[in-house]
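# Analysis of the macromolecular model
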Amino acid sequence: MTAGVGSPLEREATRVLAENWRGLYTVPAGGLYPHQWSWDSAFIAIGTRHLSPRRAQQEIESLLGAQWADGRLPQIVFTAGRDDDYSPGPSFWRSERIPGSAPVPTAGLIQPPNHAWAALLVHEADPAESRRRGFLERAYPRLAAWHAYLRARRTGASGLVHVLHPWESGMDNSPLWDAPLAAVVENAGADVPRPDLRHAHASERPSNAEYGRYLALAARYRDHDCDDTDEGFPFRVEDPAVSALLVRSELALAEIARELGAHGERGDHEDRAARLTASLESLWHEALGTYVARDLVSGRLQPHRTVSGLVPLLVPGLAHAEQLLGLLRGERFGLGLGRAVLVPSADLTADTFDVSRYWRGPSWFNTAWLIARALEERGLADEARALARDACRHALSSDFAEYLHPHTGEPRGTRRFSWTAALALDLLRAHPA
Ligand code: 2M8
């Protein structure tokens, strides 16, 4: 990889990404997250494409190499020899005994589908190198199979994809999961290992009660061979950010199909994106003025304003974009008002709001990147630039924190976190100072 030249941000971000690179992929953070995570790798590739398009391709290819026979891309691909550092690890999942699992040890769950979008952005960073290596030719069938898995195994009557675990949303302890998770019975008396607390303060991580339920759900999914046929599975939710990212990735597959001359497939991807966009409207909560999650077990929309509900701003032709922009700029998320840093993960005024606890309030860099991108694409260049520059500034001053106190910008969670470095680099390239 070429050395980071130029600004301190560029140099330091390059260093973080080099520290966390493991030869074929990048771990999110050396201590807390010592394996490859699915949507992290996609975000990381979006940044590393500026340093080494080839390494960004490898990041995505290594994840695609862990695809299961049914098309799923696993939440985690485990690094050999690091079973004690993270729970649940490879000895919990024992994926090798599940028919059709990957050739390497992985988790059985999934994460949000941002991969095809990332693959397209990586290609665009250096189309000649991408064509020379046949990057898209090799990636496209696997990405298409991933989306086919989501359609075949994870799509219900609404036409939207559902997730079966808070971890699958990527926003693990979001208030959106409070009610659906309360209905899950934790394994009574079971030990809840928390190696994560060696690397981050307990007040900044999900609680033990949440972890008990996370493990109970994961164990049930594993014990059913992760085959998605467990009809009484107690957690099944539709999430606006997951759906919005799938729309973007379907549109990216359409572009990739065009690049590869697969014109029939291109139209199919566009049609699917249009249908998903229409289905997303079933998550609109009129009284709250935002998109929310639907609990498919109770059938209820979950009445919480979170950053997940703002992510649909990325969807072209979204019906309620103006209302969402109003919410983003109002007192609950505070964009441009000087009272919040970046975009808080949850409504600043809500009873559930917590300045430190993970996805219940702190500001994250991946969601800031998504919203900055949406603002830019919607022609709101000044707001996009202001958000991008704030993200770059805070990335460097927080030593690339995992997340930030949403009022003060103080670092929270782990430091030298890969997607913070990668996405700050991408924002810096898009909005040079
Ligand atoms: C967090 O989730 C993991 C489980 O996947 C955890 O808390 O142990 C989330 O922030 C998730 O979005 C992220 O992909 C992962 C690794 O950075 O950490």
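Here the structure is shown first, and the text comes after it.
Conventions we followed
Residues numbered from 1 in each chain as written. Predicted model: local features only at pLDDT ≥ 70, side-chain atom pairs only at ≥ 80, totals over all residues. Heavy atoms only, no water. Helix = DSSP H or I, 4+ residues; strand = E, 2+ residues; numbered from the N terminus. Rg over C-alpha atoms; globule rule 2.2 N^0.38 Å. Buried < 20%, exposed > 50% of the residue type's maximum accessible area, 1.4 Å probe, protein only. Contact = heavy atoms within 4.5 Å. Areas by Shrake-Rupley, 256 points an atom, 1.4 Å probe, with all protein chains shown as cover. Near = heavy atom within 4 Å. Polar contact = N/O pair within 3.5 Å; in protein donor to acceptor, adjacent residues only side chain to side chain. 1 Å grid on protein atoms, 1.4 Å probe; cavity = no way out; pocket = protein on both sides within 12 Å on 5 of 7 lines; lining within 4 Å. Sits in = over half its atoms within 2 Å of the grid points. Nonpolar A, V, L, I, M, F, W, Y, C, P; charged D, E, K, R; others polar. Pairing = 2+ DSSP bridges. Core = buried A, V, L, I, M, F, W, Y, C linked by side-chain atoms within 4.5 Å. Points joined across faces, edges and corners; volume = space filled by probe spheres on them. Expected span 1.5 Å × (residues − 1). Phe/Tyr/Trp six-rings, centres within 6.5 Å; stacked < 30°, edge-to-face > 60°. Arc of directions from axis to C-beta.

### Some details on the overall build of the protein chain
- What the protein chain contains, in helices and strands, is 16 helices and 10 strands.
- A globule of 433 residues ought to have a C-alpha radius of gyration of about 22 Å, and the protein chain, at 20 Å, matches this closely.
- Principal-axis analysis of the C-alpha atoms places the extent of the protein chain at approximately 55 × 50 × 45 Å.
- Out of the 433 residues in the protein chain, the part that is buried amounts to 62%.
- Here the contacts in the protein chain between residues at least 6 apart in sequence split such that 70% fall between residues at least 24 apart.
- For the protein chain, the accessible area works out to roughly 15,200 Å², and carbon and sulfur atoms hold 50% of it.

### Points about the site of the ligand
- Surrounding the ligand, one finds 18 residues, the nearest of these being Asp40, Tyr86, Gly170, Asp172 and Tyr358.
- Here Trp39 contributes a side-chain N or O atom positioned 3.0 Å from an oxygen atom of the ligand.
- The contact in question runs from an oxygen atom of the ligand to an N or O atom on the side chain of Gln75, over 2.9 Å.
- In isolation the ligand has 410 Å² of accessible area, and contact with the protein removes 100% of it.
- Put simply, the ligand lies in the largest cavity.
- Taken together, the residues of the shell around the ligand sort by class into 12 nonpolar, three polar and three charged.

### Digging into the sheet that holds strand E9 (residues 403-404)
- Read from one edge to the other, the open sheet built from three strands follows the order E8-E9-E10, with strand pairing classed as antiparallel. The outermost strands of the open sheet, each flanked by one partner alone, are strand E8 (363-364) and strand E10 (411-412).
- With two bridges connecting them, E9 and E10 associate as antiparallel partners. Counted as the bridge partner of Leu404 is Pro411 from E10.

### Some words on the nonpolar core
- If you look at the biggest cluster of nonpolar residues, it comprises 135 residues, and the most contacted ones within it are Trp93, Leu310, Leu328, Val343, Trp369, Leu387 and Trp419.
- Ranked by residue count, the leading element in this core is helix H11 (residues 240-259), at 10 residues.
- Apart from residues no more than four positions distant in its own chain, Leu310 is found in contact with Leu324, Leu327, Leu328, Phe333, Val343 and Ile371.

### Examining empty space enclosed by the protein
- Under the criterion given, the structure shown has three cavities of 30 Å³ or more.
- Tyr33, Trp37, Gln111, Asp172 and Tyr358 are the residues nearest the centre of the largest cavity, which is lined by 20 residues in total.
- Here the lining of the largest cavity is composed, by residue class, of 13 nonpolar, three polar and four charged.
- The space that makes up the second largest cavity amounts to roughly 50 Å³.
- Of the residues contributing to the lining of the second largest cavity, the split by class is three nonpolar, two polar and four charged.

### What to know about the layout of surface pockets
- Put simply, the largest pocket is a space of about 210 Å³.
- Looking at the largest pocket, it is lined by 15 residues, and the ones nearest its centre are Leu335, Gly336, Ala340, Leu342 and Asp390.
- Residue composition of the lining of the largest pocket, by class: seven nonpolar, four polar and four charged.

### Some points on the sheet that holds strand E3 (residues 162-163)
- Strand order across the open sheet formed by three strands is E3-E4-E7, with antiparallel pairing between neighbours. With partners counted over all chains shown, the strands left at the sheet margins are E3 and strand E7 (294-295), one partner each.
- Pairing between strand E4 (residues 237-238) and E7: two bridges, direction antiparallel. Note on E7: the bridge partner recorded for Val237 is Asp295.

### Topic: helix H16 (residues 418-430)
- The end-to-end C-alpha distance of H16, which contains 13 residues, comes to 19 Å, matching closely the 18 Å that a straight helix rising 1.5 Å per residue would cover.
- Within H16, 11 of the 13 residues are buried, which leaves the element mostly enclosed by the surrounding structure.
- Buried within H16 we find Ser418, Trp419, Thr420, Ala421, Ala422, Leu423, Ala424, Leu425, Asp426, Leu427 and Leu428.
- Check the buried side of H16 and you find it contacts helix H1 (8-19), helix H2 (38-48), E8, helix H14 (365-377) and helix H15 (381-397).

### Points about the packing of aromatic side chains
- As enumerated under the stated definition, the model contains 23 aromatic pairs in all.
- Relative to Tyr86, the ring of Trp37 lies with its centre 4.8 Å away and its plane at 85°, an arrangement referred to as edge-to-face. Taken together, the residues Trp37 in strand E1 (residues 36-37) and Tyr86 in the loop between strand E2 (76-77) and helix H4 (90-93) connect sequence positions 49 residues apart.
- Residue classification places Trp37 among the buried positions, given a relative accessible area of 6%.

### Quick notes on unusual backbone geometry
- Cis geometry is found at the peptide bond from Ser87 to Pro88, where omega equals 0°.
- Position of Pro88 relative to the elements: it lies in the loop between E2 and H4.
- At Tyr358, a position not held by glycine, the phi torsion is positive, near 65°.
- You can see Tyr358 is positioned in the loop between helix H13 (321-329) and E8.
- Even without being glycine, Phe400 reaches a positive phi, approximately 60°.
- Within the element layout of this structure, Phe400 appears in the loop between H15 and E9.

### Section: helix H12 (residues 263-280)
- With 18 residues, H12 should cover 26 Å at 1.5 Å per step; its first-to-last C-alpha distance of 26 Å lies within 8% of that length.
- Of the residues making up H12, those classed as buried are His269, Arg272, Ala273, Leu276, Thr277, Ser279 and Leu280. Axial view of H12: buried residues confined to an arc of 160°, hence all on one face. Opposite the packed face of H12, turned more than 90 degrees from it, sit the exposed residues His263, Arg275 and Ala278.

Don't take any of this as a statement about function, it's just geometry.
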